[in-house]
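# Residue-level structure breakdown
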Amino acid sequence: MKVTVFGIGYVGLVQAAVLAEVGHDVACIDIDQNKVDALKQGIIPIYEPGLTPLVTANYEAKRLDFTTDAKAGIEHGDVVFIAVGTPPDEDGSADLQYVLKVAETIATHMTRRTVVINKSTVPVGTADKVKEQISTCLRDLQKDVAFSVVSNPEFLKEGAAVNDCMRPDRIILGTDCDYAEKRLRELYYPFNRNNDRVIKMDIRSAELTKYAANCMLATKISFMNEMANLAEYFGADIENVRKGIGSDPRIGYQFIYPGCGYGGSCFPKDVQALIRSATGIGYEASILKAVEDVNSRQKEKLFAYMMTHFAGDLQGKTIAVWGLSFKPNTDDMREASSRVLLENLWEQGAIVQAFDPEAMEEAQRIYGHREDLKLVGTKEAAIVGADALAICTEWQSFRAPDFTHLEATLAHKVVFDGRNLFEPEFVADYGLAYYGIGRGLSI
Ligand code: UGA
């Protein structure tokens, strides 16, 4: 099928590459000429395992192309994805200006019956707005072209995006149009071989499904973080509790890992956006507000342990930080817990020596101007001359450190672990003080 993807961000690029891989003919449009030029040379703007070879191979096979020419791009596709960003407004609601601008561009250039697919995460009711925008533009231009708008949210995870997109758990099709449904079933047929992946529903339910999924996952995390905080007061170990409840299949083990809070470009933004949408219709989303509150507090957790441990005196201390990205296998530091820790430490006059396997360039971009940050090339270099170690991201390479070396190197012999990577007893055997999340404040 001839496919157009408008917006070569994270979602758009992965989706485009995967569709090209199964044989569709995909044109990607973006307004950023530099990005388009770079992609044509095989330079991928994000770190995502498996994406670079996929993009390069499909570009070379001429199944995937990149352009800034909206007219040519839109004329190409029978279906046009809108995959542009919906950044939060000042009040946390999703800003739809880019989505609506693309809708206008589509109306301007479309020449034949087109299915417009909303892939961006957008508030319930946006498909109606997109429809209205396209209809108004067509009327103004005195064009008579048939179109339908479909809500088809994405559920990919950073770090596993290619696989998630290749082997989706579900393909949500929100549409009230038989023609559009048929085109989308055809588009996704290669991913739906056992015919059990497509879930067809009305548009508004599809839009809400996306938010409900992310908010549910965020709720699981905040719930566990709340339990972890209680475990500390009760002298219980949250890791035992986690195993104890996860064994109930109704609860399950996934997404119940306590830690120093969730981050990234999705959970914080989507929870806030749904709270705002709810407020807009006069409903107070109490659970979601609590989810957000618990998470904000949780991001302060490692810092709070440090303040306790060092009796409020972090002035001049050097803190080694392992992990800056909001989770492993990505260089993304948006809303990362590490940022809250770093900024708190700097406020107290501490110096940070940080290492992340992928996010060093990103850290340099965000904090490169700071003299109280040293970005170093290895996790070993981060602890040289440090008083303490803090871990913010559960990269695999952090899971089995040389504890003898840590004990010999860290002046204050203490580890603050925001991802519960170690067994406190093992760490204690090496003479290190250890703070895990919800593990009884063992020292
Ligand atoms: C999330 C969802 O998992 C995807 O299904 C969704 O498609 C995506 O948002 C999106 O809307 O685009 P992502 O933001 O890439 O994906 O990251 P996750 O793997 O969900 O992790 C989010 C945060 O939760 C991370 O900071 C992670 O450390 C934290 N987390 C996760 C926990 O603290 N505990 C857990 O048990 C799981």
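Residues numbered from 1 in each chain as written. Predicted model: local features only at pLDDT ≥ 70, side-chain atom pairs only at ≥ 80, totals over all residues.

The name recorded for the protein chain in an unreviewed UniProt entry is UDP-glucose 6-dehydrogenase, from Opacimonas viscosa. Comment text from UniProt for the protein chain, heading Pathway (unreviewed entry), reads "Nucleotide-sugar biosynthesis; UDP-alpha-D-glucuronate biosynthesis; UDP-alpha-D-glucuronate from UDP-alpha-D-glucose: step 1/1." Regarding the protein chain, the UniProt comment filed under Sequence similarities (unreviewed entry) reads as follows: "Belongs to the UDP-glucose/GDP-mannose dehydrogenase family." (UniProt positions renumbered as here; feature names shortened; annotations may be inferred.)

The subject of this paragraph is the site of the ligand. The immediate surroundings of the ligand are formed by 20 residues, with Glu158, Tyr257, Tyr262, Gly264 and Cys266 found nearest. Of all the elements, helix 9 (residues 203-234) adds the most residues to the shell around the ligand, at three residues. Across the shell around the ligand, the residue classes break down as eleven nonpolar, five polar and four charged. Residue contributions to the shell around the ligand reach at least three from each of two domains, namely domain 1 (2-201) and domain 2 (211-296). (Near = placed C-beta within 6 Å. Helix = DSSP H or I, 4+ residues; strand = E, 2+ residues; numbered from the N terminus. Nonpolar A, V, L, I, M, F, W, Y, C, P; charged D, E, K, R; others polar. Domains from an automatic or database assignment.)

A word on the environment of Lys269. With respect to the secondary-structure elements, Lys269 resides in helix 11 (residues 267-280). Sequence separation of Lys269 and Leu208 is 61 residues, and the distance between their C-alpha atoms is 14 Å.

Moving on to the pairing of strand 1 (residues 2-6). In terms of burial, strand 1 is largely enclosed, as four of its five residues are buried. Bridge count between strand 1 and strand 2 (residues 25-29): five bridges; the pairing is parallel. Bridging across to strand 2, Thr4 finds its partner in Ala27. Since strand 1 and strand 2 lie parallel, the crossover through helix 1 (residues 10-21) that links them has a hand, and here it is right-handed. (Buried ≥ 20, exposed ≤ 12 C-beta atoms within 10 Å, placed from the backbone. Pairing = 2+ DSSP bridges. Right-handed = clockwise from strand over helix to strand, strands pointing away.)

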